[in-house]
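Observations on the model geometry
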Amino acid sequence: MYFGDETPLNIFLNILFERYSNKVPAVNKITNSLVAQDVVQSQDEIVNDHIAFRTLGVPHLGIQSFEKIFLHHGYQKRDYYYFEGKKLNAYWYAPPADKYPRIFMSELVVDQLSEHAQQIIHQYTDSIIADPVDSVNLNDGAQIGEFLHQSLWALPTKADYENLLQESEYAAWVIYNRYYLNHYTISVHALKEGYNRLEEFDAFVESLGIKLNTAGGKVKISGDGLLKQSSTVAEMQDALFADGQTMSIAGSYVEFAERLPLPEFAHLKPDELLTRHRRDGFETNNADKIFESTYTGQTKA
């Protein structure tokens, strides 16, 4: 999944993936095993279906801010999703070319939380008095890459993190991890036979000793049956909080997707199928359960 260095989009996507893969051991564990079993020759052959980001819906942040980065580089805003139980808005963005991943961007609707949770979030974000993306040179890939890994607000205390965790595990994840890449997604349908069906691929992942998210079942299937998704349980990381306390918290994870051919293209042979022939977009019910890859119901199961 290396895009070369000739454009700003390539540069910051490469920075994102390098830092993410260094912090999520499952990425290299899966890739190395695929290489060892001659499924791919390198990480570069793995097709990345989409990458996902989490944001906070407060002034100067959230989707309206974060999306500017990708819209500037040719991504197109598509469908809207709402997750009532988790109090989230989300959109997906189509890439400027098939070689690039889709973007799935979500946002916590902060004003739907309890007053106490809102106060915790605002004590960290109220110091942001202008959209931070507006100060980034969006034609400078390295600058964007650094921006996506910088601290826009202060590190939380352990008490604040734990209080948010009780009400919104999504809020707790973002307040600590910020804009860090939440997950990348392997397109299993692009792999060779024996690995190109999600159930087969899940069995392969589990054979490596990697735990899968079981919320809603290991395989989440869209209503039309054409989008299948699964994911690992988030890697745990030792977190240092502002008050010097530490605890193990959820980091990022890896997702797997199988996009089946649309009915009108079901007659095509596997080597004839292009991206446009397969089911596009996302599914609310699938994504709702994928979110839980970072939730304690999965990480502590």
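Quick summary incoming for the structure in this document. All values reported here derive from a predicted model rather than from experimental measurement.

This paragraph deals with the environment of tryptophan 92. Looking at where tryptophan 92 falls in the secondary structure, it is placed in strand E3 (residues 88-94). Put simply, tryptophan 92 and tyrosine 75 are 17 residues apart on the chain and 9.6 Å apart in space, counted from C-alpha to C-alpha. Leaving out residues up to four positions away in the same chain, tryptophan 92 has contacts with Gln76, Lys77, Arg78, Asp79, Tyr81, Arg102, Ile103, Phe104, Asp280, Gly281 and Phe282. For tryptophan 92, the side chain forms a polar contact with the side chain of aspartate 79, separated by 3.1 Å.

Another aspect to go through is unusual backbone geometry. At aspartate 38, a residue that is not glycine, the phi angle is positive and equals roughly 60°. Along the chain, the position of aspartate 38 falls in the loop between helix H2 (25-36) and strand E1 (48-56). By relative accessible area, aspartate 38 is classed as partly exposed at 46%. The backbone phi angle of lysine 87 is positive, close to 60°, even though this residue is not glycine.

Ile30, Phe104, Ile186, Phe201 and Phe256 are the most contacted members of the largest nonpolar core, which has 92 residues in total. With seven residues, helix H7 (residues 169-177) is the largest single contributor of residues to this core. With sequence-adjacent residues up to four places away left out, isoleucine 30 is seen in contact with Ile186, Phe201, Phe204, Val205, Leu208, Ile210 and Phe256.

Looking now at the packing of H2 against helix H8 (residues 198-207). Between H2 and H8, whose axes approach to 10 Å, the crossing angle comes to 105°. As judged from the angle between their axes, H2 and H8 are roughly perpendicular. Contact residues: Ile30, Ser33 and Leu34 in H2; Phe201, Phe204 and Val205 in H8. Here the contact of H2 with H8 is built from residues that sort into five nonpolar, one polar and no charged.

Note on strand geometry: in a regular strand, side chains alternate between the two faces of the sheet. The alternating pattern of strand E8 (residues 236-240) places Gln237 and Ala239 on a buried face, while none of Met236, Asp238 and Leu240, on the opposite face, is buried. Judged from the five bridges that link them, E8 and strand E9 (residues 246-250) form a sheet pairing that is antiparallel. Bridge pairing links alanine 239 to methionine 247 in E9. Hairpin connection between E8 and E9: a loop of five residues separates the two successive antiparallel strands, and glycine 244 in this loop has a positive phi of roughly 85°.

Rules used in this analysis
Residues numbered from 1 in each chain as written. Predicted model: local features only at pLDDT ≥ 70, side-chain atom pairs only at ≥ 80, totals over all residues. Heavy atoms only, no water. Helix = DSSP H or I, 4+ residues; strand = E, 2+ residues; numbered from the N terminus. Contact = heavy atoms within 4.5 Å. Polar contact = N/O pair within 3.5 Å; in protein donor to acceptor, adjacent residues only side chain to side chain. Buried < 20%, exposed > 50% of the residue type's maximum accessible area, 1.4 Å probe, protein only. Core = buried A, V, L, I, M, F, W, Y, C linked by side-chain atoms within 4.5 Å. Axes fitted to C-alpha atoms, helices over the stretch in contact; angles between N-to-C directions. Parallel < 35°, antiparallel > 145°, perpendicular 65-115°, else oblique. Nonpolar A, V, L, I, M, F, W, Y, C, P; charged D, E, K, R; others polar. Pairing = 2+ DSSP bridges.

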